[in-house]
Amino acid sequence: TYFEFQLWNEFAENIKSFGLFNDKIVSNNHLGVGIVKFGDINDKDWQDKITFRLGAYRKDYKMLSIGNNIIENGLSLGLGIKFGNTANQLDLSFNNGTRTSENNFSETFKQFSIGISVGDVWFLRRRAKQ
């Protein structure tokens, strides 16, 4: 099982802001809970090398304009498939949730993501050949 909590605040005084909304996010609170089953790269069966994650989360975005806070609730599902000798991993994730606002804004969303984590040794000092 896992539990995550994050607080983020933006203190920049940037007058010009480019975005879809005529507003600015000044803080973000994130709360998530779920379960994780980690895979073992040394296992012989491919299905035992998969890392599995299932969780639920809530994000609260506070906007600069008063009364325009956005609340996001969602479920997440993810798979991590390890490959190679250096523990590289292909990550597949799916999020499904809703976003609502105090001024009658409501939407549902589905998000699919693909990522790769490279576990190679990039910054080791090499020995000189003798």
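Residues numbered from 1 in each chain as written. Predicted model: local features only at pLDDT ≥ 70, side-chain atom pairs only at ≥ 80, totals over all residues. Heavy atoms only, no water.

A. How the structure looks around the overall build of the chain. Helices and strands together make up the secondary structure of the chain, namely zero helices and six strands. Tracing the chain from N to C terminus, the helices and strands come up as β-β-β-β-β-β. Within the chain, the proportion of its 130 residues that are buried is 22%. Carbon together with sulfur atoms contributes 57% to the accessible area of the chain, which is approximately 10500 Å² in total. (Helix = DSSP H or I, 4+ residues; strand = E, 2+ residues; numbered from the N terminus. Buried < 20%, exposed > 50% of the residue type's maximum accessible area, 1.4 Å probe, protein only. Areas by Shrake-Rupley, 256 points an atom, 1.4 Å probe, with all protein chains shown as cover.)

B. Here's a closer look at the pattern of salt bridges. Applying the stated criterion across every chain yields a total of four salt bridges. Salt-bridge contacts for E4 lead to R53; the nearest nitrogen and oxygen are separated by 3.3 Å. With E4 in strand β1 (residues 2–9) and R53 in strand β3 (residues 50–63), this pair connects stretches of sequence that are 49 residues apart. When its relative accessible area of 28% is taken as the criterion, E4 is described as partly exposed. When its relative accessible area of 34% is taken as the criterion, R53 is described as partly exposed. When salt bridges with common partners are traced through the structure, they connect E72, R99 and E107 into a single cluster. (Salt bridge = Lys/Arg side-chain N within 4 Å of Asp/Glu carboxyl O.)

C. Quick peek at the sheet that holds strand β4 (residues 70–83). On the basis of which strands lie adjacent, the open sheet formed by six strands has the order β1-β2-β3-β4-β5-β6 and antiparallel pairing. In this open sheet, the two strands that pair with only one neighbour each are β1 and β6 (106–117). Direction aside, the axes of adjacent strands within the sheet are offset by 15° on average. As paired strands, β4 and strand β5 (residues 88–101) are joined by 14 bridges and run antiparallel to one another. When the sheet's bridge partners are listed, L77 is paired in β5 with F94. (Pairing = 2+ DSSP bridges. Axes fitted to C-alpha atoms, helices over the stretch in contact; angles between N-to-C directions.)

D. Structural detail: the environment of E4. Taking the C-alpha atoms as reference points, E4 and H30, 26 residues apart in sequence, are found 7.7 Å from one another. With residues up to four places along the chain from it excluded, the contact list for E4 reads H30, L31, G32 and R53. (Contact = heavy atoms within 4.5 Å.)

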